[in-house]
Amino acid sequence: MATFLVRALKIEEAPSAGFADTGGDTHEAAIDALAAAGITSGCSTDPLKYCPDRPVARAQMATFLQRAIRTSDRAILAVLHNTTGGNDWTSRKNWLTGGQLEAWGGVTTDDDDRVTKLELKGNGLAGPFPPVLAELSELKTLDLSENGLTGSIPPELGSLQQLRTLHLGENLLEGTIPSELTGLTLLEQLFLGGNALSGAIPAEFGRFEKLGDLSLRDNVLTGVIPAELGNVTALSWMSLAGNRLEGRIPPELGDLENLRVLILSGNRLTGSIPPELGRLSELVNLWLRDNRLTGEIPPQLGNLTLLRLLDVANNKLEGRIPASLGDIDDLNYVRFHGGNQFEGCIPQGLMDTSNDFNLMGLPFC
């Protein structure tokens, strides 16, 4: 019976449950796994016994099945624990114990004991990312950032219809970003930075309707910035920095009416700065440094009345610095030097900003 349920639920091996009468039994491993998943607690507690040779009545089997169904989230978490080195986690408070899952460290549940949040940031998880987490159907937040997870991002995660936040940054993940993630129709935050992800940014990301924060920074992504990202009008914060992206900055990004932070630094972007970026009326920070951008700074950037930071250093820009930038009242940090060949004079309105003007050799207007 134990082996039957363990196979049906795909429950992984677990530490010994401490039953006094299962040592050496053919099904000992399955019995221990069943106990770790909270489906059985044995037949007696003093001493702890499982009674492996007793027949299982239909009523008992019904109880086991009911527990298995109601505790399927528990079984999934047990798999996570046992496949990511749970015994070596930084904190494993109450993990693999009975009782409510809410008591397990990093786990939040609803009234039906279904997992809604799993937050194990910086907890020492290691090994391949377990696809079984895609079966936590009520999950709204998944934060496994700053761990040692390896392998690829399972495309199965795209089935988590309730997910709002997916944070897998600062791991050792590799491979391409699965386009199936666009199945997360309620997703509001997607953080995948600080891994070794490769390939292109899926154009399908343009289908996100509620995505407000997107971080793909510090990977090895290649190809172009998809113009389709301009369709994600809910975006408020986007960082694609520190990759190997090429081609032009899509003018369609100028349609991101709610965008406050745009970070494209440290890529291989070419072409000019699109004047359409001047339509980003909510923009506060614009980072374009360390690329291969050419041409002049478009005067339309002077329309960004909320802009506080502008960094275009280490490109191949030329021409005059637009006077319109000096009219932005809140602009207090600018960087222009390094690889650029500006001429003329520096707008007087930029005099009091934190800047690199002493390296440019240009007078104030």
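Residues numbered from 1 in each chain as written. Predicted model: local features only at pLDDT ≥ 70, side-chain atom pairs only at ≥ 80, totals over all residues. Heavy atoms only, no water.

Caption draft 1: Examining the pattern of salt bridges more closely. Under the criterion given, the structure shown has eight salt bridges. A salt bridge links Arg74 to Asp113; the shortest N-O distance between them is 3.8 Å. Residue Arg74 is found in helix α4 (residues 72-83), and its partner Asp113 is found in the loop between β3 (107-109) and β4 (115-119); the two are separated by 39 residues along the sequence. A salt bridge links Arg217 to Asp218; the shortest N-O distance between them is 2.6 Å. One network of salt bridges, with partners in common, ties together Glu170, Arg217 and Asp218. (Salt bridge = Lys/Arg side-chain N within 4 Å of Asp/Glu carboxyl O. Helix = DSSP H or I, 4+ residues; strand = E, 2+ residues; numbered from the N terminus.)

Caption draft 2: Local environment of the packing of aromatic side chains. Per the stated rule, a full pass over the model turns up nine aromatic pairs. Between the aromatic rings of Phe357 and Phe364, the centroid separation amounts to 5.7 Å while the plane-to-plane angle is 80 degrees, which identifies the pairing as edge-to-face. According to the relative accessible area criterion, Phe364 is partly exposed, its value standing at 34%. The structure contains a cluster of three or more aromatic residues connected by ring pairs, namely Phe336, Phe342, Phe357 and Phe364. (Phe/Tyr/Trp six-rings, centres within 6.5 Å; stacked < 30°, edge-to-face > 60°. Buried < 20%, exposed > 50% of the residue type's maximum accessible area, 1.4 Å probe, protein only.)

Caption draft 3: Structural context of the nonpolar core. If you look at the biggest cluster of nonpolar residues, it comprises 87 residues, and the most contacted ones within it are Leu118, Met238 and Phe336. When contributions to this core are tallied by element, the ones reaching two or more residues are α4 and β4. At five residues, the largest contribution of residues to this core is made by α4. Apart from residues lying up to four places away in sequence, Met238 is in contact with Leu214, Leu229, Leu253, Leu256, Leu259, Val261, Leu262 and Ile263. With 15 residues, the next largest nonpolar core counts Phe19, Ile31, Tyr50 and Ala75 among its residues. (Core = buried A, V, L, I, M, F, W, Y, C linked by side-chain atoms within 4.5 Å. Contact = heavy atoms within 4.5 Å.)

Caption draft 4: How the structure looks around unusual backbone geometry. Here the residue pair Asp46 and Pro47 is connected by a cis peptide bond, since its omega of 0 degrees sits within 30 degrees of zero. Tracing the backbone shows Pro47 in the loop between β1 (44-45) and β2 (48-49). Backbone geometry places Glu146, a non-glycine residue, at a positive phi of 60 degrees. With respect to the secondary-structure elements, Glu146 resides in the loop between β6 (141-143) and β7 (148-150).

Caption draft 5: Geometry of the pairing of strand β21 (residues 316-320). Pairing analysis gives two bridges linking strand β19 (residues 294-295) to β21, with the strands arranged parallel. Across the sheet, the residue bridging to Gly295 is Leu317, located in β21. (Pairing = 2+ DSSP bridges.)

Caption draft 6: Here's a closer look at the sheet that holds strand β8 (residues 165-167). The strand order across the open sheet formed by eleven strands is β3-β4-β6-β8-β10-β12-β14-β16-β18-β20-β22, and the pairing between neighbours is mixed. For this open sheet the edge positions go to β3 and β22 (333-335), each flanked by a neighbour on one side alone. For this sheet the average axis-to-axis angle between neighbouring strands, irrespective of direction, equals 10 degrees. Pairing geometry for strand β20 (residues 309-311) and β22, over three bridges, is parallel. Bridging across to β22, Leu310 finds its partner in Val334. (Axes fitted to C-alpha atoms, helices over the stretch in contact; angles between N-to-C directions.)

Caption draft 7: Representation of the side chain of Asn123 in the model. By secondary structure assignment, the location of Asn123 is in the loop between β4 and β5 (126-128). On the basis of relative accessible area, Asn123 is assigned to the buried category, the value being 7%. For Asn123, the contacting residues outside a window of four places in its chain are Trp89, Thr90, Ser91, Glu146 and Asn147.

Caption draft 8: Focus on the side chain of Arg74. Residue classification places Arg74 among the buried residues on the basis of a relative accessible area of 4%. Beyond its immediate chain neighbours, meaning those up to four positions away, Arg74 contacts Ala37, Gly38, Thr97, Gly98, Gly99, Gln100, Leu101, Trp104 and Asp113.

Caption draft 9: Focus on helix α2 (residues 28-36). Burial analysis of α2 places seven of its nine residues in the buried class, the great majority of the element. Looking at α2, one finds that the buried residues are Ala30, Ile31, Asp32, Ala33, Leu34, Ala35 and Ala36.

Caption draft 10: Layout of a positive patch on the surface. Taken together, Arg244, Arg268, Arg292 and Lys316 make up a surface patch of like positive charges. Of note, Arg292 is situated in the loop between β18 (285-287) and β19. Taking relative accessible area as the criterion, Arg292 reaches 42% and is therefore assigned partly exposed. (Patch = residues over 30% accessible without salt bridge, like charges linked within 9 Å, V, L, I, M, F, W, Y side chains within 5 Å. Areas by Shrake-Rupley, 256 points an atom, 1.4 Å probe, with all protein chains shown as cover. Lys, Arg positive; Asp, Glu negative; His and termini not counted. Charge placed at Lys NZ, Arg CZ, Asp CG, Glu CD.)

Caption draft 11: Representation of the state of the cysteines in the model. According to the stated counting rule, one finds two disulfides in the structure shown. The disulfide partner of Cys43 is Cys51, and the gap between their sulfur atoms is 1.9 Å. The S-S bond linking Cys43 to Cys51 shows a torsion near 65 degrees; that makes this disulfide right-handed. According to the relative accessible area criterion, Cys43 is partly exposed, its value standing at 33%. For Cys51, a relative accessible area of 15% translates into the label buried. For the protein chain, the bonded cysteines pair up as 1-2, 3-4 when numbered in the order they occur along the sequence. (Disulfide = S-S within 2.5 Å.)

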